[in-house]
Amino acid sequence: MPQHIEAQYQEILNEYVKKQTEQNLYVGQNFSRQLILENISPEEVISMHKAAIRELYSDLPDVVWHSFDFLIEMMINYGLALQERQSLLKRQEELKVEMDLAANVQETLLKTKLPSLDGLDIGLLSIPAKKMNGDYIYFVSDYDGYAGVAVADVIGKGLPAALCMSMIKFGMDSLNSSHAMPKDVLSVINRIVEKSVDDSMFVSMFYANYDASAAKLTYGSAGHEPAILYRANTGGFDELEAKGLLLGVSPAAVYEEHSVTLGKGDMVIMMTDGVTEGRTEEGFIERDVIYELIEQKKDEPAQAIVQHVYDELERMQNAELQDDFTLVIYKKV
Amino acid sequence: MAFFSRIESYKTGCHIEMNIQVNLTENDNKLKGDIHGEIDAHTAPVLREKLEAYQEQEGLNAELDLSGVDYMDSTGLGVFVAFYKSINAKGGHLKLTGLSSRLKRLFDITGLGDIMDIEAAVGKGGN
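If you check an unreviewed UniProt entry, chain A appears there as Phosphoserine phosphatase from Planococcus maitriensis.

> Outline the overall build of chain B, supporting the account with residue identities and numerical values.
Scanning chain B for helices and strands turns up 4 helices and 6 strands. Its helices and strands in sequence order give chain B the pattern β-β-β-α-β-α-β-α-α-β, from N to C terminus. In chain B, the share of contacts with a sequence separation of at least 24, taken over all contacts with a separation of at least 6, comes to 57%. About 6,000 Å² of surface is accessible on chain B, with carbon and sulfur atoms providing 46% of the total.

> Just give me the short version of the packing of aromatic side chains, but keep the residues and values in it.
Residues and elements named next belong to chain A. For the structure on display, the rule yields 8 aromatic pairs over all chains. Judged by centre distance (6.0 Å) and plane angle (20°), the ring pair of Phe-206 and Tyr-219 falls under stacked. Taken together, the positions of Phe-206 in strand β4 (residues 202–211) and Tyr-219 in strand β5 (residues 216–222) put the pair 13 residues apart, joining distant regions of the chain. Of the residues examined, Tyr-219 reaches a relative accessible area of 5% and is grouped as buried. Ring pairing ties together the aromatic residues Tyr-230, Phe-237 and Tyr-291, which thus form one cluster. The ring of Trp-65 carries the charged tip of Arg-54 above its face, separated from the ring centre by 4.6 Å.

> Residues and numbers for the domain arrangement of chain A, please.
According to the domain assignment, chain A contains domain 1 (3–93) and domain 2 (112–332). Distance from the C-alpha centre of domain 1 of chain A to the C-alpha centre of domain 2 of chain A: 63 Å.

> For the interface of chain B and chain A, give the residues involved together with the corresponding values.
The interface is formed by 26 residues belonging to chain B together with 26 residues belonging to chain A. Of the roughly 2,200 Å² buried where chain B meets chain A, counting both sides, 51% is carbon and sulfur surface. In this structure, the connection of chain B to chain A is made through 3 salt bridges. Arg105(B) serves as the salt-bridge partner of Glu225(A), at 3.5 Å between the closest nitrogen and oxygen. Joining chain B to chain A, the criterion identifies 5 residue pairs in polar contact (both at pLDDT 80 or more).

> Give a description of the pairing of strand β12 (residues 325–332) of chain A that names residues and reports values.
Residue and element names in this part refer to chain A. With 8 of its 8 residues buried, β12 lies for the most part within the structure. Residues of β12 alternate between two faces, with Phe-325, Leu-327, Ile-329 and Lys-331 on one and Thr-326, Val-328, Tyr-330 and Lys-332 on the opposite face, all of them buried. Direction of pairing for strand β9 (residues 267–271) relative to β12: antiparallel, over a ladder of 5 bridges. When the sheet's bridge partners are listed, Val-268 is paired in β12 with Tyr-330.

> Describe the sheet that holds β12(A), with residues and values.
Residues and elements named next belong to chain A. Reading across the sheet, the 5 strands line up as β1-β12-β9-β6-β7 and stay open at both edges, with antiparallel pairing between neighbours. The open sheet is flanked by β1 (120–127) and β7 (236–240), the only strands paired with a single partner. Across the sheet, the axes of successive neighbouring strands diverge by a mean angle of 15°, strand direction being ignored. Across the face of the sheet, helix α8 (residues 287–296) comes into contact with β6 (227–231), β7 and β9 while running at roughly 125° to β7.

> Break down helix α3 (residues 101–109) of chain B for me, with residues and values.
All names here are of chain B. Those residues of α3 that sit buried are Leu-103, Leu-106, Phe-107 and Ile-109. Residues of α3 that are buried sit in contact with β4 (61–72), α2 (74–89), β5 (93–99), α4 (112–115) and β6 (117–120). Looking one or two places after α3, you find Gly-111, whose phi comes out positive at around 80°.

> Break down the pattern of salt bridges for me, with residues and values.
Evaluated as defined, the whole model comprises 17 salt bridges over all chains. Between Arg105(B) and Glu239(A) there is a salt bridge, with the nearest N and O atoms lying 3.4 Å from each other. Of this pair, Arg105(B) sits in helix α3 while Glu239(A) sits in strand β7, placing the two residues on different chains. Residues Glu56(B) and Lys90(B) are paired through a salt bridge, measuring 3.6 Å at the closest nitrogen-oxygen approach. Residue Glu56(B) is located in the loop between α1 (44–52) and β4, and its partner Lys90(B) is located in the loop between α2 and β5; the two are separated by 34 residues in the primary sequence. Residue classification places Glu56(B) among the exposed residues on the basis of a relative accessible area of 52%. The exposure class of Lys90(B) is partly exposed, given its relative accessible area of 27%. Where salt bridges share partners, they join Glu225(A), Glu239(A), Arg287(A) and Arg105(B) into one cluster.

Calculation notes
- Residues numbered from 1 in each chain as written.
- Chains lettered and ligands numbered in written order.
- Predicted model: local features only at pLDDT ≥ 70, side-chain atom pairs only at ≥ 80, totals over all residues.
- Heavy atoms only, no water.
- Helix = DSSP H or I, 4+ residues; strand = E, 2+ residues; numbered from the N terminus.
- Contact = heavy atoms within 4.5 Å.
- Areas by Shrake-Rupley, 256 points an atom, 1.4 Å probe, with all protein chains shown as cover.
- Phe/Tyr/Trp six-rings, centres within 6.5 Å; stacked < 30°, edge-to-face > 60°.
- Buried < 20%, exposed > 50% of the residue type's maximum accessible area, 1.4 Å probe, protein only.
- Lys NZ or Arg CZ within 6 Å of the ring centre and 35° of its normal.
- Domains from an automatic or database assignment.
- Buried area = accessible area lost by both parts, 1.4 Å probe.
- Salt bridge = Lys/Arg side-chain N within 4 Å of Asp/Glu carboxyl O.
- Polar contact = N/O pair within 3.5 Å; in protein donor to acceptor, adjacent residues only side chain to side chain.
- Pairing = 2+ DSSP bridges.
- Axes fitted to C-alpha atoms, helices over the stretch in contact; angles between N-to-C directions.

Quick look at the structure:
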């Protein structure tokens, strides 16, 4: 215990004992904050108090000194609890820094370059509900008239989900071809995820490959929300169904693939369940609502359409989306 | 043995209560159960914890009635898949019954409907 603190305490105590004013009490309160900053433990405060009283009133009966000694003993465990709290606070701070770091790494990892293809307008919006995004979107593009797109949703959140995503990314990078077909991509990623992920974590993924010269989209799904096909000439919406099990459940899973050819103004709308599983006070937001929102802006650029769908769904849910939201539109122009 | 968990959320200034109720009884390696309420990220841990108590049992025959489930999201699905995988690995069997059309769709989209033993609720199966 530094000498100057003891002297200061004695002075403040003496002032208060002489005159019990608000002002003198206030000085004491401020001093106690300083003691906390200096890491002075509760038992040290009492022993300081005892020393100060002895200086000021040395003729007090023994019973008073014994009672201080007893009180010092009583406070020792409080001191330990305080130390523990301080080390927890420090640890929490470290974890927060690590978490921020992980979120940054994830953001870097998630970075993907929008492909640029003749006759294809792409809109993309991916908004996490919390700090870490459980949705993953990745484009594979070689500037050769083909572009692959993966839309994935990791079931399971936080750090493990982010780690899972990096596995998907490296799986996709290892294929390293915009020509890779959906059923092959999904099989490869399934084997990676199945081997490495724990039992309660899974990934749903939609993969599509677009061939610009033929305006042909080939797609497959691993347990993912079906993409939507909008036909400009009929104004109709259809679900692009493709059978396939979630990634990471069974190594034996096989994946289908199907193709559609896009005409001018046609759109393929890919999304995660954060888009379709919205709920308002009246109940679920049905798919028809999403169709309607897209139709309202069908003649606008793809980015304007995804933004409109997001804005409206957010508004319906009182600006409180419960799940990560990812929406991608491929529009043939 | 009933377990009731209530999570209150503040949405739009009004009070929306989310709840889940899980009743499980086990007899002679046969697990019977019914689940009521919503299974989402908030309530799924309750269900997971209840099911985990049985997942290490050899040759467990489990049948869970989901007809009281109003809502389930992918987190809830994850709980059932984890349970399915672990009891399957121990030579057991899991059957889910009473699925609403919404739940049935979730199992079908994810491809789980093809590998798991599921049964739609009578009169609720179509859509």
